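What the coordinates show
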Amino acid sequence: MLKPGTTTVTADADHTANLWAFIRGGFVPLAEAQISVTTHAFNYGTAVFEGIRAYWNADEEQLFGLDLLAHYQRIHRSAKLLHMTVPHTPDELVRLTVELLRRDGLREDAYIRPIVYKSSESIGVRLHNLESDLTIFAIPFGKYIDTEVGIRAQVSTWRRTDDNAIPARAKLTGSYVNGSFAKTEAQLNGFDEAIMLNQDGHVSEGSAENIFLVRDGMLVTPPVSDNVLEGITRRHLMDVAGDLGIGVIERSVDRTELYSADEVFLCGTGAQLAPVIEIDRRTVGNGKPGPITRRLHKIYFDAARGRMDAYRHWLTPVY
Ligand SMILES: Cc1ncc(COP(=O)(O)O)c(C=O)c1O
């Protein structure tokens, strides 16, 4: 059975037998979606990907894909950086994903993983003169990190990669070694998550999440030019904050602002909205998720599950 865990998902053959993947232009059983060890992307990390959630609404017996179009627009932008052409428009990719989820027949929360990868079986460091292919698969998926009690974070000793080295703006598979260094360091040190600084020493983001602080009733988040992924959840939460009349300031954030913030939370497709209650052994606020975090948390989860008409446009029904 594919099991959602706090940080990992493990699979066994029984359950994957019922799942499908799109690869090389067609649908095949997930277990048959294989690539060669000589594939360029496997050797050099030359692929771009997305992480997308679909939420099961038991009352409506409906599975809702969350902002599929925004994810596929972003994968197009990421692919362009790697000199790749995605063989389908964002709208076509939405339709392919709906078809995949219908084939999988999932009646629970799911995580969708599209990857556009350099598929040439070729050795040599470069981005040009290589073929590319698209694969998409989905797995049942619960929480990635705690979203209720709050997590304990550490400012990482690993710096976020710079735009002039490996751009954080694009979801490049190879660049996730950077976040992996930070996440593993944090967890081996007994924390739940890492917060990374950029090369200037300003706060950038978590290992796989954007970050928000609350100061004096306003949200503060690093700008997209501070080496962060231009997160879709980040954008949604900024829109929700606007609808609630909560101000949002995008500006560079110093490390020590983390220690004096009233509230801090991380957000992303995987993490959803995770309150941070401790950073570098300093309590954030009163050590519990704060009022603005809780308000946004409730709206985000209700909206994602199709329980808020105002945000229904984020969702694509699968069935
Ligand atoms: C490095 C990084 N930052 C931020 C995010 C959040 O982005 P999104 O909300 O689009 O999932 C992610 C998650 O995908 C990520 O990997």
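Another point: the overall build of the protein. When helices and strands are tallied, the protein shows eight helices and 19 strands. Whereas a compact globule of 319 residues would reach a radius of gyration of roughly 20 Å, the protein reaches 19 Å, a difference of no more than 12%. With respect to the three principal axes, the spread of C-alpha positions in the protein is 50 × 50 × 35 Å. For the protein, the proportion of its 319 residues judged to be buried stands at 54%. Taking contacts inside the protein between residues at least 6 apart in sequence as the whole, the part at least 24 apart equals 70%. Within the structure as shown, the protein displays about 14000 Å² of accessible surface, and the carbon and sulfur contribution to it stands at 51%. Looking at the protein, you have 34 positive and 41 negative side-chain charges, and the mean spots of the two groups are 1 Å apart.

A few words now on the environment of H128. Looking at the element boundaries, H128 is found in the loop between strand 8 (110-118) and strand 9 (132-140). The sequence separation of H128 and Q199 amounts to 71 residues, and the corresponding C-alpha distance is 29 Å.

This part takes up the packing of aromatic side chains. Under the definition given, this model contains nine aromatic pairs. Ring geometry for Y111 against F141: centres 4.6 Å apart, planes inclined by 35°, an arrangement best described as tilted. With Y111 in strand 8 and F141 in the loop between strand 9 and strand 10 (151-155), this residue pair connects regions lying 30 residues apart in the sequence. Taken as a pair, Y111 and F141 share a single burial class, namely buried. A ring pair is formed by F212 and F265, whose centres lie 5.1 Å apart and whose planes are at 20°; its orientation type is stacked. Taken together, the residues F212 in strand 13 (residues 210-215) and F265 in strand 16 (residues 263-268) connect sequence positions 53 residues apart. Each member of the pair, F212 as well as F265, carries the same accessibility label: buried. Taken together, Y300, F301, Y311 and W314 form an aromatic cluster joined through their ring pairs. Stacked on the ring of W20, the Lys or Arg R103 has its end atom at 4.8 Å from the ring centre.

Attention now moves to the domain arrangement of the protein. What the domain assignment lists for the protein is domain 1 (3-140) and domain 2 (151-304). Residue-level contacts link 21 residues of domain 1 with 19 residues of domain 2. In total, domain 1 and domain 2 occlude about 1700 Å² of area from one another, counting both sides; carbon and sulfur atoms represent 61% of this. The three residues of domain 1 that bury the most area against domain 2 are F49, Y55 and R74, which together make up 35% of that side's buried surface. Taken together, the connections running from domain 1 to domain 2 amount to zero salt bridges. Taken together, the connections running from domain 1 to domain 2 amount to 10 residue pairs in polar contact (both at pLDDT 80 or more). Within the residue set of the side of domain 1 that touches domain 2, elements represented by two or more residues are strand 5 (47-49), strand 6 (52-57), strand 7 (62-66) and helix 3 (68-81). Here the side of domain 1 that touches domain 2 is composed, by residue class, of 11 nonpolar, six polar and four charged.

Below, the discussion takes up the pairing of strand 13. Of all six residues in strand 13, five are buried, a share of seventy percent or more. Both strand 13 and strand 16 contribute to a ladder of five bridges, which runs antiparallel. Bridge pairing in strand 16 places F212 opposite F265. Taken together, the three bridges between strand 13 and strand 14 (residues 218-221) define a ladder with antiparallel strand orientation. Looking at strand 14, one finds that L213 is bridged to V220. Between strand 13 and strand 14, which pair antiparallel and follow one another directly, the connecting turn spans two residues, one of which, D216, has a positive phi of 50°.

Basis of the calculations
Residues numbered from 1 in each chain as written. Predicted model: local features only at pLDDT ≥ 70, side-chain atom pairs only at ≥ 80, totals over all residues. Heavy atoms only, no water. Helix = DSSP H or I, 4+ residues; strand = E, 2+ residues; numbered from the N terminus. Rg over C-alpha atoms; globule rule 2.2 N^0.38 Å. Buried < 20%, exposed > 50% of the residue type's maximum accessible area, 1.4 Å probe, protein only. Contact = heavy atoms within 4.5 Å. Areas by Shrake-Rupley, 256 points an atom, 1.4 Å probe, with all protein chains shown as cover. Lys, Arg positive; Asp, Glu negative; His and termini not counted. Charge placed at Lys NZ, Arg CZ, Asp CG, Glu CD. Phe/Tyr/Trp six-rings, centres within 6.5 Å; stacked < 30°, edge-to-face > 60°. Lys NZ or Arg CZ within 6 Å of the ring centre and 35° of its normal. Domains from an automatic or database assignment. Buried area = accessible area lost by both parts, 1.4 Å probe. Salt bridge = Lys/Arg side-chain N within 4 Å of Asp/Glu carboxyl O. Polar contact = N/O pair within 3.5 Å; in protein donor to acceptor, adjacent residues only side chain to side chain. Nonpolar A, V, L, I, M, F, W, Y, C, P; charged D, E, K, R; others polar. Pairing = 2+ DSSP bridges.

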